[in-house]
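# Coordinates in review
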Amino acid sequence: DAGITQSPRHKVTETGTPVTLRCHQTENHRYMYWYRQDPGHGLRLIHYSYGVKDTDKGEVSDGYSVSRSKTEDFLLTLESATSSQTSVYFCAISEGQGGNQPQHFGDGTRLSIL
Amino acid sequence: GNSVTQMEGPVTLSEEAFLTINCTYTATGYPSLFWYVQYPGEGLQLLLKATKADDKGSNKGFEATYRKETTSFHLEKGSVQVSDSAVYFCALLEAAGNKLTFGGGTRVLVKP
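These remarks concern the structure in this document. (Residues numbered from 1 in each chain as written. Chains lettered and ligands numbered in written order. Predicted model: local features only at pLDDT ≥ 70, side-chain atom pairs only at ≥ 80, totals over all residues. Heavy atoms only, no water.)

Time to look at the overall build of chain B. Across its full length, chain B carries 0 helices and 12 strands. In chain B, the succession of α and β elements from N to C terminus is β-β-β-β-β-β-β-β-β-β-β-β. Relative to its length of 112 residues, chain B is compact, with a C-alpha radius of gyration of 13 Å against a globular reference of 13 Å. Oriented by its inertia axes, the alpha-carbon framework of chain B measures out at about 45 × 25 × 20 Å. For chain B, buried positions account for 46% of its 112 residues. Within the structure as shown, chain B displays about 5,200 Å² of accessible surface, and the carbon and sulfur contribution to it stands at 48%. Taking the average place of the 10 positive charges on the side chains of chain B and the average place of its 11 negative ones, the gap between the two points comes to 4 Å. (Helix = DSSP H or I, 4+ residues; strand = E, 2+ residues; numbered from the N terminus. Rg over C-alpha atoms; globule rule 2.2 N^0.38 Å. Buried < 20%, exposed > 50% of the residue type's maximum accessible area, 1.4 Å probe, protein only. Areas by Shrake-Rupley, 256 points an atom, 1.4 Å probe, with all protein chains shown as cover. Lys, Arg positive; Asp, Glu negative; His and termini not counted. Charge placed at Lys NZ, Arg CZ, Asp CG, Glu CD.)

Listed below in structure tokens is the structure:
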């Protein structure tokens, strides 16, 4: 299994509160990604990182920010959580780009915003 | 933009039955194609991949062939087991890119 640890695994919080999810990898891979998984939508890319301090937006980035101060850690922050952000969040990593560098996923964080 | 369409589930089968999950895609250029599997409570695991037209990916008895002429990447397994019960996702990766586009997932339930 790819060395990816997501924390927390479950979180319940209230609308308007800040939330930070952490992804930690032990593979020294360059690329890291945050996705959200919602019924009928598969997974959708929120943000990704292509190196320390290098990040870019994905398909559904509104309301989310990210930071990567070390190769091994990629943080996803909801500055002011809303009920529409209730979802399961997955982190993924890859060594490089392209089909021969597939992405490997963590076990997910289930986030509920009440 | 890119998109992936896969058949909606749930698909319910008996053990040892033949499984097919259809997947078609829309993309510019020559994407790579993947099947991921998600077991209950877990993340996605890469099941198989194909990086160019006519490539066949295979793993654990599952197969899928990259068909450019029909823009398809259908997943097949000849004899399913109860342990194959999971959600299966088809996905594409744009050429030399790093953004995966997923289908909506197909839940498969195999009964003894």
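With that settled, consider the pattern of salt bridges. Residue and element names in this part refer to chain A. This model, assessed by the stated rule, comprises 7 salt bridges over all chains. In this structure, Arg44 and Asp38 form a salt bridge, with 2.9 Å as the shortest nitrogen-oxygen distance. Look at Asp38 and you get buried, because its relative accessible area is 11%. Measuring nitrogen to oxygen at the nearest pair gives 3.3 Å for the salt bridge that ties Lys70 to Asp73. In this structure Lys70 comes out as partly exposed when scored by relative accessible area, which is 40%. Note on Asp73: relative accessible area 8%, which makes it buried. Within this structure, Arg22, Lys70 and Asp73 form a network of salt bridges that share partners. (Salt bridge = Lys/Arg side-chain N within 4 Å of Asp/Glu carboxyl O.)

As a further point, take the pairing of strand β1 (residues 4-7) of chain A. All names here are of chain A. What you see with β1 is a clean split: Ile4 and Gln6 sit on the buried side and Thr5 and Ser7 on the side with no burial. Where β1 meets strand β3 (residues 19-25), 4 bridges bridge the pair, whose relative direction is antiparallel. Its bridge partner lying in β3, Ser7 is registered against Arg22. (Pairing = 2+ DSSP bridges.)

The next subject is the nonpolar core. Residues and elements named next belong to chain B. With 26 residues, the main nonpolar core has Trp35, Phe73, Leu75 and Tyr88 as its most contacted residues. For this core, the elements supplying multiple residues, two or more each, are β2 (11-14), β3 (19-21), β4 (23-26), β5 (32-38), β6 (44-50), β8 (62-65), β10 (86-93) and β12 (106-111). Residues in contact with Phe73, not counting those within four places in the same chain, are Cys23, Leu33, Phe34, Trp35, Leu48, Lys49, Ala50, Ala64, Thr65, Tyr66 and Cys90. (Core = buried A, V, L, I, M, F, W, Y, C linked by side-chain atoms within 4.5 Å. Contact = heavy atoms within 4.5 Å.)

All names here are of chain A. Here Asp38 lies in strand β4 (residues 31-38). At 2.8 Å, the side chain of Asp38 forms a polar contact with the side chain of Arg36. In this view, Asp38 contacts Arg44, Thr86 and Ser87; residues no more than four positions away in its chain are not counted. (Polar contact = N/O pair within 3.5 Å; in protein donor to acceptor, adjacent residues only side chain to side chain.)

The next subject is the packing of aromatic side chains. Residue and element names in this part refer to chain A. Enumeration over the complete set of coordinates arrives at 14 aromatic pairs over all chains. With centroids separated by 6.3 Å and ring planes inclined at 50°, the aromatic side chains of Tyr48 and Tyr50 adopt a geometry described as tilted. A residue is classified by how much of its surface remains accessible, and Tyr50, at 30% relative accessible area, is partly exposed. (Phe/Tyr/Trp six-rings, centres within 6.5 Å; stacked < 30°, edge-to-face > 60°.)

All names here are of chain B. Strands sit in the order β3-β9-β8-β7 across an open sheet of 4 strands; the sheet is antiparallel. The outermost strands of the open sheet, each flanked by one partner alone, are β3 and β7 (56-59). With strand direction ignored, the average angle separating the axes of adjacent strands in the sheet is 15°. In this sheet, strand β9 (residues 75-77) lies alongside β8 in antiparallel orientation, the contact comprising 3 bridges. Bridge assignment links Ala64 to a residue of β9, and that residue is Leu75. (Axes fitted to C-alpha atoms, helices over the stretch in contact; angles between N-to-C directions.)

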